[in-house]
Amino acid sequence: MTETTDLLAALAAARSALVRTADGLTDEQAAARPTVSSLCVGGVIKHVLATEEQWLRFTVEGASALPHELPNGVTWADIMAGAAQPPQWMIDHQNGFLMLPGETLADILTRYEKVAARTAEILATADLDTSHALPPAPWLEPGGSYSVRRVIMHVIAETAQHAGHADILRESLDGQKSG
């Protein structure tokens, strides 16, 4: 096996654990928020697929795939203090954790399958050592860069972490343990 094959297998296992949390759920159950957080199973899956999609675009396009621009004159401190309206990309990111009206679990899972196929397609020809500079954002290493290898490891970790969140949500919904 190649390193890419190993990385894709690890990602597939994490994806499987995440998707299993939605087995048998209705759209209403997938959108329900059974804990004190605003998270729901469908929203967690939606967030993870969007994260994977964006980071894999980063491996091809570089920093332009991770737009974190702020409006003119607005600083990160303003945003964090609530002193300025967050830009639309931040609102979209927050909505990525929710199932919005009209969204279905089936559509989210179908989109996730397409993202997974695109990830495999990109990694089939990617050089794992290719790096791109990270855009400026408080949660990213200033002046840092990520290789394709680091991106895929990040996506694996993100998927596995959120699979755990989704498992807790599912257990809170109906007592079912997916793991």
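Report follows, based on the coordinates. All values derive from a computational prediction rather than experimental measurement. (Residues numbered from 1 in each chain as written. Predicted model: local features only at pLDDT ≥ 70, side-chain atom pairs only at ≥ 80, totals over all residues. Heavy atoms only, no water.)

## Things to note about the nonpolar core
Spelled out, the test is: We call a set of buried Ala, Val, Leu, Ile, Met, Phe, Trp, Tyr and Cys residues a nonpolar core when their side-chain atoms join them within 4.5 Å. Only protein chains enter the area calculation, which uses a 1.4 Å probe; residues under 20% of their type maximum are buried, those over 50% are exposed, and those in between are partly exposed. The way it works is that DSSP assigns letters per residue, a run of H or I at least four long becomes a helix, a run of E at least two long becomes a strand, and they are numbered from the N terminus. Here, two residues are considered to be in contact whenever any of their heavy atoms come within 4.5 Å of each other.
Core analysis: the largest hydrophobic core is formed by 19 residues, its most contacted members being Trp55, Leu56, Phe58, Val151 and Ile152. Every element with two or more residues in this core is listed here: α1 (3-20), α3 (41-61), α6 (105-125) and α7 (148-174). Looking at this core, the element that brings in the most residues is α7, giving five residues. With near-sequence residues (within four places) excluded, Ile152 lies in contact with Leu7, Leu11, Leu56, Thr119 and Leu123. Judged by nonpolar contacts, the second largest core, of 18 residues, contains Cys40, Leu105, Ala163 and Leu169.

## Quick look at the packing of aromatic side chains
Stated precisely, the cut-off is as follows: Pairing of aromatic side chains requires ring centres within 6.5 Å, counting the rings of Phe and Tyr and the six-membered ring of Trp. Pairs whose planes differ by under 30 degrees are stacked, by over 60 edge-to-face, and all others tilted.
Enumeration according to the criterion identifies five aromatic pairs in this entry. Consider the rings of Trp76 and Trp89, whose centres lie 6.0 Å apart with planes at 65 degrees: the pair is edge-to-face. Highlighted residues: Trp76 in helix α4 (residues 76-81) and Trp89 in helix α5 (residues 88-95), separated in sequence by 13 residues. Each ring, one from Trp76 and one from Trp139, has its centre 5.3 Å from the other, and the planes form 85 degrees; the classification is edge-to-face. On the criterion of sequence distance, the pair formed by Trp76 in helix α4 and Trp139 in the loop between β1 (131-133) and β2 (145-147) is long-range, its members being 63 residues apart. Classification of Trp139 by relative accessible area gives partly exposed; the value is 46%.

## Observations concerning the side chain of Ser147
Locating Ser147 in the fold gives a position in strand β2. On the basis of relative accessibility, which here comes to 16%, the residue Ser147 falls in the buried class.

## Focus: the packing of α3 against α7
Put simply, the rule reads: Axes here refer to lines fitted to C-alpha atoms; in helices the fit is confined to the stretch in contact. Angles between the N-to-C directions go from 0 to 180 degrees. When an angle is under 35 degrees it counts as roughly parallel; over 145 it counts as roughly antiparallel; between 65 and 115 it counts as roughly perpendicular; any other value is oblique. Gly counts as polar in this scheme, as do all residues outside two lists: the nonpolar Ala, Val, Leu, Ile, Met, Phe, Trp, Tyr, Cys and Pro, and the charged Asp, Glu, Lys and Arg.
The geometry of α3 relative to α7 is characterised by a closest axis approach of 9 Å and an angle of 175 degrees between their N-to-C directions. Classified by the angle their axes make, α3 and α7 are roughly antiparallel. Residue-level inspection shows Val41, Val44, His47, Val48, Thr51, Glu52, Trp55, Leu56, Phe58 and Thr59 of α3 in contact with α7, the latter providing Val148, Val151, Ile152, His154, Val155, Glu158, Thr159, His162, Ala166, Leu169, Arg170 and Leu173. Class assignment for the residues of the contact of α3 with α7 results in 13 nonpolar, six polar and three charged.

## A look at the pattern of salt bridges
The test is simple: Criterion for a salt bridge: a side-chain nitrogen of Lys or Arg within 4 Å of a carboxyl oxygen of Asp or Glu.
Per the counting criterion, the structure on display carries nine salt bridges. In this structure, Glu121 and Arg118 form a salt bridge, with 2.5 Å as the shortest nitrogen-oxygen distance. Residue Glu121 and its partner Arg118 are both found in helix α6; the two are separated by three residues, about one turn of the helix. Judged by relative accessible area, which is 41%, Arg118 ranks as partly exposed.

## Concerning the packing of α1 against α3
The description of two helices packed together rests on the angle between their axes and the distance between the axes. Under the convention used in this document: By the definition used in this description, the sense in which the near helix is turned from the far one sets the handedness, with an anticlockwise turn below a right angle giving left-handed and a clockwise turn giving right-handed.
Across the interface, α1 lies against α3 with an axial gap of 11 Å and an inter-helix angle of 160 degrees. With respect to α3, the element α1 is oriented roughly antiparallel. Two packed elements cross with a definite hand, and for α1 against α3 that hand is left-handed. Taking contact as the criterion, the partners of Leu11, Arg15 and Leu18 in α1 are, on α3, Val44, Ile45, Val48 and Glu52. Taken together, the residues of the contact of α1 with α3 break down into five nonpolar, no polar and two charged.

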